[in-house]
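Structure at a glance
If you want the building blocks of each chain, they are given just below.
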Amino acid sequence: MTDPASVDEAVDVVRDRYGRLDVLVNNAAISYDTWQRAITADLAVVREAAETNLYGPWLMVQRFLPLLRRSDHPRIVNVSSEAGSLTGMGGGTPAYAASKAALNALTRMLAAELRPERFLVNAVSPGWVATDMGGAGGGPVSDGAASVVWAATLPDNGPTSGFFRDGRPLPW
């Protein structure tokens, strides 16, 4: 997601095989930096997290937008985290939390700009999932994926510009 040449290759593959893209799911995250605090954070870690967690999805949207515009039901789903909710945010995990809060802001901006074109753009939180980053204590990946599938398959009159988990709104 952070390498423009790789993203362009992916766009070329989708365009050549399918001619359009119906759903873009931005599901990337790094740097769940539990060892850091905002007042002493290594800003190199923060920058790296922003590259993947914010700028990568932003690049994907920009590059795939022409193919999404060819869809009758375009959807963009940004996989975020409740750690990016300003309502519940406290200290800790500054790189991860700040980059996911920024992804949530991007979600709102894209939804507003693309609403006239019938796009639905939402952020979802999969919750704590047993992945390489989430660790063994998390829930099954299939449970986390359910929120993504829900947002990807919303009807045309479904919500846009929202933040959801398990189909229920979350506070920004």
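Report on the accompanying structure. Keep in mind that what you see is a predicted model, and the values were worked out from it rather than measured.

**Topic: the overall build of the protein**
Scanning the protein for helices and strands turns up four helices and five strands. The N-to-C order of helical and strand elements in the protein reads α-β-α-β-α-β-α-β-β. Since a compact globule built from 172 residues should have a radius of gyration of about 16 Å, the 16 Å found for the protein is in line with a globular shape. Projected onto the principal axes, the alpha-carbon positions of the protein cover approximately 45 × 35 × 30 Å. Across the protein, the fraction of contacts at a sequence separation of at least 24, relative to all contacts at a separation of at least 6, is 73%. Summing over all exposed atoms, the protein offers an accessible surface of approximately 9,000 Å²; the carbon and sulfur share of this is 55%. Charge-centre separation for the protein: the mean point of 15 positive side chains lies 6 Å from the mean point of 18 negative side chains.

**Digging into the pairing of strand β2 (residues 75-79)**
Across the five residues that make up β2, a large majority, five, are buried. Burial of the side chains of β2 extends over both faces: Arg-75, Val-77 and Val-79 are buried on one face and Ile-76 and Asn-78 on the other. As defined by bridge partners, strand β1 (residues 23-26) adjoins β2 across four bridges and the pair is classed as parallel. Within the sheet, the bridge partner assigned to Leu-24 lies in β2 and is Ile-76. Crossover connection from β1 via helix α2 (residues 43-68) to parallel β2: handedness right-handed. For the handedness criterion, the β-α-β arrangement of β2, helix α3 (residues 94-114) and strand β3 (residues 120-124) is classed as right-handed.

**Some words on the packing of helix α1 (residues 4-18) against α2**
Viewed as axis vectors pointing N to C, α1 and α2 meet at an angle of 25 degrees, and their least axial separation amounts to 10 Å. Considering their axes alone, α1 and α2 lie roughly parallel with respect to each other. Crossing of α1 against α2: the hand is right-handed. Together, Pro-4, Val-7, Asp-8, Ala-10, Val-11, Val-14 and Arg-15 of α1 and Leu-59, Met-60, Arg-63, Phe-64 and Leu-67 of α2 make up the contact between the two elements. Of the residues assigned to the contact of α1 with α2, the class counts are nine nonpolar, no polar and three charged.

**Quick look at the side chain of Asp-33**
Locating Asp-33 in the fold gives a position in the loop between β1 and α2. The buried charged residue Asp-33 lacks any salt bridge partner; its closest oppositely charged side chain belongs to Arg-37, at an N-O distance of 7.8 Å. The contact partners of Asp-33, leaving out residues within four places of it in the chain, are Val-45, Thr-93, Pro-94, Ala-95 and Tyr-96.

**Looking at α1**
Helix length check: α1 (15 residues) gives 21 Å between terminal C-alpha atoms against 21 Å at 1.5 Å per residue, within 8%. Regarding α1, the residues found buried are Val-7, Val-11 and Val-14. Taken end-on, α1 shows its buried residues confined to a sector of 65 degrees, consistent with a single buried face. Opposite the buried face of α1, by more than 90 degrees, sit the exposed residues Glu-9, Asp-16 and Arg-17. Each element contacted by the buried residues of α1 is listed here: α2.

Basis of the calculations
- Residues numbered from 1 in each chain as written.
- Predicted model: local features only at pLDDT ≥ 70, side-chain atom pairs only at ≥ 80, totals over all residues.
- Heavy atoms only, no water.
- Helix = DSSP H or I, 4+ residues; strand = E, 2+ residues; numbered from the N terminus.
- Rg over C-alpha atoms; globule rule 2.2 N^0.38 Å.
- Contact = heavy atoms within 4.5 Å.
- Areas by Shrake-Rupley, 256 points an atom, 1.4 Å probe, with all protein chains shown as cover.
- Lys, Arg positive; Asp, Glu negative; His and termini not counted.
- Charge placed at Lys NZ, Arg CZ, Asp CG, Glu CD.
- Buried < 20%, exposed > 50% of the residue type's maximum accessible area, 1.4 Å probe, protein only.
- Pairing = 2+ DSSP bridges.
- Right-handed = clockwise from strand over helix to strand, strands pointing away.
- Axes fitted to C-alpha atoms, helices over the stretch in contact; angles between N-to-C directions.
- Parallel < 35°, antiparallel > 145°, perpendicular 65-115°, else oblique.
- Left-handed = near helix turned anticlockwise from the far one by under 90°.
- Nonpolar A, V, L, I, M, F, W, Y, C, P; charged D, E, K, R; others polar.
- Salt bridge = Lys/Arg side-chain N within 4 Å of Asp/Glu carboxyl O.
- Expected span 1.5 Å × (residues − 1).
- Arc of directions from axis to C-beta.

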